[in-house]
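Examining the three-dimensional arrangement
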Amino acid sequence: MRKTYDKETNINEMFDFLESQIKHSGEAKIEDTYFYQSHEHKEMYQSIRGYFSESLKNPEVDAACYIIALPDIYKRINIFELIFPMDWVKEDGRLSEPFKQLRPHIQYLALAAAEASGIKFNTKPALSLGLEYWNLEQMKIFWQFTAIRRKNAM
């Protein structure tokens, strides 16, 4: 369970982020060119980035926000209980209930994002699983995740 002051800090940072968005609303943003599963995915991603304000400086957090903004994931988790966006995947050393409720293809996306963040699992690597089963849309989501994660390398 997160501490109240941690949540308060995140909420204050979220309001700073929203104020910045309003001030710079006329400027073009790279995020507008990203691949999104749906409009809801885009809206959730932009909102979650505001809550995890570290995402503005840290591509690892930014990419994780992109993944948890997938509607299938976002509807099953409570971002306000998370310290890091991928913390929801594991609970007490095991895969969490929200994770188990996802369709396998989305599970592989979440596992790949968690593995990229250094979370270890006793399974075949998610990238291997994903490459065997992802359809083109899921591959695009993974490619976009990778591009966001590697932003600093470009």
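Calculation criteria
- Sequence order as written defines residue numbering, which begins from 1 separately in each chain.
- Only residues with pLDDT of at least 70 are given local features in this predicted model, and only at 80 or more are side-chain atom pairs given and counted; all residues enter the totals for whole chains, interfaces and linings.
- Each side-chain value is worked out from all heavy atoms of the structure, with water and hydrogens disregarded.
- Only DSSP runs of H or I with at least four residues qualify as helices, and only runs of E with at least two residues qualify as strands; both kinds are numbered from the N terminus onward.
- Burial classes follow relative accessibility: with a 1.4 Å probe on protein chains only, a residue under 20% of its type's maximum area counts as buried, one over 50% as exposed, and anything between as partly exposed.
- To be clear on the numbers: accessible area is Shrake-Rupley with a 1.4 Å probe, and residue cover counts the displayed protein chains and nothing else.
- In what follows, residue pairs with any heavy atoms lying within 4.5 Å of each other are defined as contacts.
- Here, the term nonpolar core denotes a set of buried Ala, Val, Leu, Ile, Met, Phe, Trp, Tyr and Cys residues that are joined through side-chain atoms within 4.5 Å.
- Multiply 1.5 Å by the residue count of a helix minus one, and that product is the helix's expected span.

As annotated in an unreviewed UniProt entry, the protein chain is DUF2538 family protein from Salinicoccus bachuensis.

What follows concerns the overall build of the protein chain. A tally of regular secondary structure across the protein chain gives eight helices and two strands. Seen in sequence order, the protein chain has helices and strands lined up from the N terminus as α-α-α-α-β-β-α-α-α-α. When each of the 154 residues of the protein chain is scored for burial, the buried share is 41%. Roughly 8,900 Å² of accessible area belongs to the protein chain as shown, and the carbon and sulfur atoms make up 53% of that amount.

Turning next to the side chain of glutamine 138. By the element assignment, glutamine 138 lies in helix α8 (residues 136–149). We classify glutamine 138 as buried; its relative accessible area is 4%. Ignoring sequence-local partners within four residues, the contact set of glutamine 138 consists of His105, Leu109 and Tyr133.

Moving on: the nonpolar core. If you look at the biggest cluster of nonpolar residues, it comprises 43 residues, and the most contacted ones within it are Phe52, Ile67, Ile68, Ile73, Met86 and Trp88. When residues of this core are traced back to their parent elements, those giving at least two are α2 (39–51), α3 (59–68), α6 (104–116), α7 (126–133) and α8. Tallying contributions element by element places α6 first for this core, with eight residues. Not counting residues within four places of it along the chain, the set of residues in contact with isoleucine 68 comprises Ile48, Phe52, Ile73, Tyr74, Ile77, Ile79, Pro85, Met86 and Trp88.

This part covers α2. Taking 1.5 Å per residue as the helical rise, α2 with its 13 residues ought to reach 18 Å, and the 19 Å between its terminal C-alpha atoms agrees with that figure. Those residues of α2 not exposed but buried are His41, Met44, Tyr45, Ile48, Arg49, Gly50 and Tyr51.

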